[in-house]
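Chain and residue survey
Residues per chain are reported as follows:
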Amino acid sequence: MLTFDHVSFRYPGNESGIDDLSFHIHKGEFVSLIGSNGAGKSTISRLANGLLSPTSGTVSIDGKSTGKLKTSEIARQVGFLFQNPDRQICQNTVREELAFGPKILKVPADEIEKRVNNALEEFSLNGDWFPFSCSRGQRQRIALASVLVCRPEMVILDEPTTGLDYKECTAIMDELTRLNREDGLTVLMVSHDMELVQQYAKRVLVLTDGKLIGDGETRTIMKDAALLAKAHVLPAQIPELALRLDADGKGQFVDAYTIDEMYQTILKLLQKGEAV
C-alpha cells in the first residue's frame, strides 16, 4: 500500500527531517508512528500523502511514485486527518463539510447524499450544525467523517485524539478499528499517547532524529525498554509495570501486556504461593 524506499527529506534552512528511511505498510494494516518531538513523524505523514516531496528516494502508493501522481490522485487513495480539525473544516454546515470532499472528487450527487447521511448517523452528527460552534470533540468527529466519506484506501491520523476526553477518544478509535477490521482500511497513526498505541495499533514504527530504529509488533515494541528509551518515549502503563516487576530477572510477567493479563498473572502467582 505505502512504501518508503531510501527516502530522505530536509526542510530548507533547517537540519531537521528524515534520513534514508525505508519501510512498507501493507493494505489493511493498523500502524503507529512513535517518537519524541522532532523525530520525523509529521514529515513522514506529509510525504505519504503528497504534501511534501522527498529530497531523495521514492515514496510509492500501490507501486506508483507520489512524484508522478497529482495531489488529487493521491487524495482519492490517502485521506489525512490533521491534529487540529480547524485546519481542514471550511464549510458553514456539517452536511456541506461532509459533502465537500466527494464533490471535489466528482462523486455522483446521489452517492454523495447516501455517504453523507450514513456518516451523520455513524458519527452522531447533526447536518445543520455550524461546525465552529461545536465542541472540540465534535469538530474532530466532523473532520474525520469528512475524510472517510471520500472512501480512501488509507487514512493518516496526526495525533487524532488531542484535546478529546476518554469517551470522545474511544468513539473515534473504535470506528477506525471497525473500518480497519471490516473494510480493510489501512491506518497510519502518529501519536504520543502510548496507551492509545498499545490498545489499537498492531505494528509500531519507532523514530528518533529522522531515523527508523524499530519496526515490529506493538506487543514486542512496548516491552523493549532500551529501544523506547533511545526514542525518548515511555511504554504504556501495563507493559512498563511488567518490566519493573521483572527487574529481578525471573520473567514472571513476561506475558503481561494488558490489564487482564496482568491480573491473571498475579492471580496465578498468588495461587502458587509465589511472592509478587
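Below, the structure is looked at part by part. Just so you know, the residues in each chain are numbered from 1, in the order the chain's sequence is written. Totals for whole chains, interfaces and linings use every residue, but because this is a predicted model, local features are given only for residues with pLDDT of at least 70 and side-chain atom pairs only at 80 or more, for both listing and counting. Computation of side-chain values: all heavy atoms of the structure, hydrogens and water removed.

Further remarks concern the pattern of salt bridges. A pair is scored as a salt bridge if a Lys or Arg side-chain nitrogen falls within 4 Å of a carboxyl oxygen belonging to Asp or Glu. Under the definition given, this model contains 14 salt bridges. One salt bridge in this structure joins Asp215 and Arg203, with 2.9 Å as the shortest N-O distance. Here the residue Asp215 occupies a position in strand S10 (residues 211–217), and Arg203 occupies one in strand S9 (residues 203–208), the gap between them amounting to 12 residues. Throughout this description, buried means an accessible area under 20% of the type-specific maximum (1.4 Å probe, protein chains only), exposed means over 50%, and partly exposed covers the range between. We classify Arg203 as buried; its relative accessible area is 12%. Here the salt bridges do not stand alone but share partners, grouping Glu175, Arg178, Arg181 and Glu182 into one network. Counting from the N terminus, the helices are the DSSP runs of H or I reaching at least four residues and the strands are the DSSP runs of E reaching at least two.

Our focus in this paragraph is the sheet that holds strand S2 (residues 17–25). Paired strands are those between which DSSP finds at least two bridges. Taken together, four strands build an open sheet; the order of strands is S2-S1-S4-S5 and the sheet is antiparallel. With one partner strand each, in any of the chains shown, S2 and strand S5 (64–65) form the two edges of the open sheet. Sheet analysis places strand S4 (residues 56–61) next to S5, joined by two bridges and oriented antiparallel. When the bridges of S5 are listed, Ser60 appears paired with Ser65.

Aromatic ring pairs: the centre-centre distance and the angle between the two ring planes describe each pair. Centre distance within 6.5 Å is the pairing criterion for rings of Phe, Tyr and Trp, where only the six-membered ring of Trp is used; planes under 30 degrees apart are then read as stacked, over 60 as edge-to-face, and the remainder as tilted. One pass over the structure, following the stated rule, counts four aromatic pairs. Ring centres of Phe80 and Phe82 lie 4.8 Å apart, and the angle between their planes is 70 degrees; on these two criteria the pair is classed as edge-to-face. According to the relative accessible area criterion, Phe80 is buried, its value standing at 9%. Of the residues examined, Phe82 reaches a relative accessible area of 21% and is grouped as partly exposed.

Attention shifts here to helix H10 (residues 237–245). Along H10, the residues that are buried comprise Ile238, Pro239 and Ala242. An end-on view of H10 places all buried positions within 100 degrees of arc, on one side of the element. Looking at H10, the residues exposed on the side facing more than 90 degrees away from the buried face are Gln237 and Arg244. Contact partners of the buried residues in H10: helix H7 (194–200) and helix H11 (259–271). Read the arc as the range of directions from the helix axis to the C-beta atoms. Throughout, a contact is declared for two residues whenever any of their heavy atoms are within 4.5 Å.

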